[in-house]
Amino acid sequence: MKKTILLIIPLLTLVFTCRAQSADQLTLSDCYKLALQNYPQVKQRELIAKTADYTIENIQKGYLPQLNISGQASYQSAVTEIPIKIPGVNIPALSKDQYKLYGEFDQVVYDGGAIQQQKQLQKTNEAVSQQQLETDLYQLKDRINQLFFGVLLLDAQLRQNDLTIKDIQLGYDKVNAQIKNGTAFRSNGDVLMAQLLQNKQQSINLLASRKAYTDMLGLFIGKPLDETIILVKPQSVDPSHQINRPELRVYDEQEKNLDVQNKLLTVQTLPKLNLFLQGGVARPGLDFLNNNFASYYIGGIKLSWSPSAFYTLKRSRALIDINRKNIDVEKETFLFNTNLTVKQQDGDIGKYQRLLVSDDEIIDLRARVKTTALVQLENGVITTNDFLTDVNDENLARQNKILHEVQLLMTQYNQQTTTGNQQ
């Protein structure tokens, strides 16, 4: 059984190595692009654009002639009468029930720029919505970072675990030779074999975790990922501290939207000029002395102006100013919190850089101790437990370095995401 396991381990390593050589590669930048293409919320871009187009088209119809059809039937208590009587002439009296059915065309000549400003307002509304969507989609990068660097960490841990397995295997081979020569107890080999199996179990756990991470990453990018996928380790970066987040563009678009709203308030105070044409049938018609139904038409220019718009103008502009100040406060708060996060990340980056320096020193010392321990084990100076302790100490030192390297990279790229300078 032990010989079978010892044969399987290098075979598995060879299989993984051969498969890795033919596997696809995936970069962090690729993941960002694919995630933005695949995420369901991306479909809102087109929906927002279509909504704006339809709304603007409807507003544009305001330049077309507007037709209104009206009808009226009324009864009044008195009608106009001629207060004279002419002998031999019968002057009919008007009926007290009167009727009117007419249509009226109105054509805008001058609206103070109302239609144009309404179109502009809709465009700024679309810009705000689109930029808010970009802000929501930008959050995907944080989630991609967690998964991508999580896989990188697991890959590094798998490689290190394979090296530890080789160290234990080497120790087992030497002890097994001693057992055959009768200079060591079989229990010494059993201790090493048990540890070998434990490390193999650890590889199984790490591979299972890697599969879970790659499955989730595959869902985000819309591409199934198998165990052979290779995630390319990104280069170390020195992120810029200049804030370039999409939230800032949302605030800018909101400011533009308020500017248009302010212009609309001015438009509402201006007079409006229309051409009109009214035609219909009524009793009485335009000749109020004729008590019969008659057709008629009226055309001309209509001027309208409502001074009541000035009643609320001052307070409406005050509300816009308040909204503008709210946007400024939100922007200032966002920048404060973002800069605070950047400062914290600066501290983490410095910490991991210092830890990596000491990691190298510790690994160098642990490696020398392990090398000496292997010679001592071969000469019977130390026990297998002592040897395993030294092997595990070196493994722990290397695992710490792996963790710190990935943490440093991840923090650097998280800082790029925080500042909005992620490519």
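Scoring rules and cut-offs
Residues numbered from 1 in each chain as written. Predicted model: local features only at pLDDT ≥ 70, side-chain atom pairs only at ≥ 80, totals over all residues. Heavy atoms only, no water. Helix = DSSP H or I, 4+ residues; strand = E, 2+ residues; numbered from the N terminus. Rg over C-alpha atoms; globule rule 2.2 N^0.38 Å. Buried < 20%, exposed > 50% of the residue type's maximum accessible area, 1.4 Å probe, protein only. Contact = heavy atoms within 4.5 Å. Areas by Shrake-Rupley, 256 points an atom, 1.4 Å probe, with all protein chains shown as cover. Lys, Arg positive; Asp, Glu negative; His and termini not counted. Charge placed at Lys NZ, Arg CZ, Asp CG, Glu CD. Core = buried A, V, L, I, M, F, W, Y, C linked by side-chain atoms within 4.5 Å. Pairing = 2+ DSSP bridges. Axes fitted to C-alpha atoms, helices over the stretch in contact; angles between N-to-C directions. pLDDT = per-residue confidence, 0-100. Salt bridge = Lys/Arg side-chain N within 4 Å of Asp/Glu carboxyl O. Parallel < 35°, antiparallel > 145°, perpendicular 65-115°, else oblique. Nonpolar A, V, L, I, M, F, W, Y, C, P; charged D, E, K, R; others polar. Phe/Tyr/Trp six-rings, centres within 6.5 Å; stacked < 30°, edge-to-face > 60°. Patch = residues over 30% accessible without salt bridge, like charges linked within 9 Å, V, L, I, M, F, W, Y side chains within 5 Å. Polar contact = N/O pair within 3.5 Å; in protein donor to acceptor, adjacent residues only side chain to side chain.

1. Points about the overall build of the protein chain
And then number 1: Per the secondary structure count, the protein chain includes nine helices and six strands.
And then number 2: Taken over C-alpha atoms, the radius of gyration comes to 41 Å for the protein chain, far larger than the 22 Å a tight globule of 423 residues would show.
And then number 3: Dimensions along the principal axes, computed over C-alpha positions, put the protein chain at roughly 155 × 40 × 35 Å.
And then number 4: The 423 residues of the protein chain split such that 37% are buried.
And then number 5: By sequence separation, contacts in the protein chain at least 24 residues apart represent 84% of the contacts at least 6 residues apart.
And then number 6: Accessible surface, the protein chain: about 25,200 Å² in total, of which carbon and sulfur atoms supply 56%.
And then number 7: Taking the average location of the 46 positive side-chain charges in the protein chain and that of its 45 negative ones, the two points are 3 Å from each other.

2. Comments concerning the nonpolar core
Buried together is how nonpolar side chains tend to be arranged in soluble globular proteins.
And then number 1: Counting residues in each nonpolar core, the largest one holds 29 residues, and the members touching the most others are L26, L28, C31, I144, F149, L217 and L231.
And then number 2: Put simply, the parts of the chain that give this core at least two residues each are helix 2 (28-38), helix 4 (114-138), helix 5 (140-181), helix 6 (186-221) and helix 9 (384-419).
And then number 3: Looking at which element gives the most residues to this core, the answer is helix 5, with nine residues.
And then number 4: Apart from the residues within four sequence positions on either side, L28 is in contact with I144, N145, F148, F149 and Y413.

3. Some details on unusual backbone geometry
And then number 1: The linkage connecting R283 with the following residue, P284, adopts the cis geometry, with an omega of 0°.
And then number 2: Mapped onto the elements of the fold, P284 is located in the loop between strand 5 (272-283) and strand 6 (294-304).

4. A word on the sheet that holds strand 5
And then number 1: Pairing is antiparallel in the open sheet, where four strands are placed in the order 2-3-5-6. Each edge of the open sheet carries a strand with a single partner, namely strand 2 (66-75) and strand 6. Looking at each pair of strands side by side, their axes are set apart by 20° on average, direction ignored.
And then number 2: Of the pairings in the sheet, the one linking strand 2 to strand 3 (residues 97-110) comprises ten bridges and is antiparallel in character. Bridge assignment links S70 to a residue of strand 3, and that residue is Y102.

5. A look at the confidence of the model for the protein chain
And then number 1: This prediction gives the protein chain a mean pLDDT of 88; 93% of its residues lie at or above 70.
And then number 2: Contacts from residues 1-22, a stretch scored under 50 in pLDDT, to residues over four places away or in other chains number 15 contacts.

6. Description of the pattern of salt bridges
And then number 1: In this structure the tally under the stated criterion is 19 salt bridges.
And then number 2: With its nearest N and O atoms 3.5 Å apart, the salt bridge here joins E378 to K174. Of the two residues, E378 sits in helix 8 (residues 309-378) while K174 sits in helix 5, which places them 204 residues apart along the sequence.
And then number 3: Residue classification places K174 among the partly exposed positions, given a relative accessible area of 22%.
And then number 4: Among the ionic pairs, D364 bridges to R368, the shortest N-O distance being 2.6 Å. Of the two residues, D364 and R368 both sit in helix 8, four residues apart, roughly one turn of that helix.
And then number 5: By relative accessible area, D364 is classed as partly exposed at 41%.
And then number 6: Assessed through its relative accessible area of 48%, R368 is described here as partly exposed.
And then number 7: Sharing partners across several salt bridges, the network here consists of D167, K370, E394 and R398.

7. As for the packing of helix 4 against helix 5
And then number 1: Direction vectors running N to C along helix 4 and helix 5 enclose 15°, while the axes themselves pass 5 Å from each other. With respect to each other, helix 4 and helix 5 are oriented roughly parallel. Along the contact surface, helix 4 presents D136, L137 and Y138, while helix 5 presents L140, K141 and D142.
And then number 2: Counted by class, the contact of helix 4 with helix 5 contains three nonpolar, no polar and three charged residues.

8. Some points on the packing of aromatic side chains
And then number 1: Applying the stated criterion across every chain, the model contains five aromatic pairs.
And then number 2: Pairing F149 with Y413 gives two aromatic rings, centres 5.7 Å apart and planes at 45°, and the pair type is tilted. With F149 in helix 5 and Y413 in helix 9, this pair connects stretches of sequence that are 264 residues apart.
And then number 3: With a relative accessible area of 1%, F149 lands in the buried category.
And then number 4: A residue is classified by how much of its surface remains accessible, and Y413, at 9% relative accessible area, is buried.
And then number 5: Taken together, the ring pairs connect F148, F149 and Y413 into an aromatic cluster.

9. A few points about a nonpolar patch on the surface
And then number 1: Together, L67, I69, Y99, L101, F105, L277, V281, F293 and Y297 make up a nonpolar patch on the protein surface, roughly 940 Å² of accessible area in all.
And then number 2: Mapped onto the nonpolar patch, the elements with two or more residues apiece are strand 2, strand 3 and strand 5.
And then number 3: The element that contributes the greatest number of residues to the nonpolar patch is strand 3, accounting for three residues.
And then number 4: Tracing the sequence through the fold places L67 in strand 2.
And then number 5: Taking the relative accessible area as the measure of exposure, L67 reaches 48% and is therefore partly exposed.

10. Focus on the side chain of S95
And then number 1: Within the element layout of this structure, S95 appears in the loop between strand 2 and strand 3.
And then number 2: Using a relative accessible area of 18% as the deciding quantity, one classes S95 as buried.
And then number 3: In this structure the side chain of S95 is engaged in a polar contact, spanning 2.9 Å, whose partner is the side chain of N291.
And then number 4: In this structure, S95 is in contact with V79, R283 and N291, ignoring residues within four places of it in sequence.

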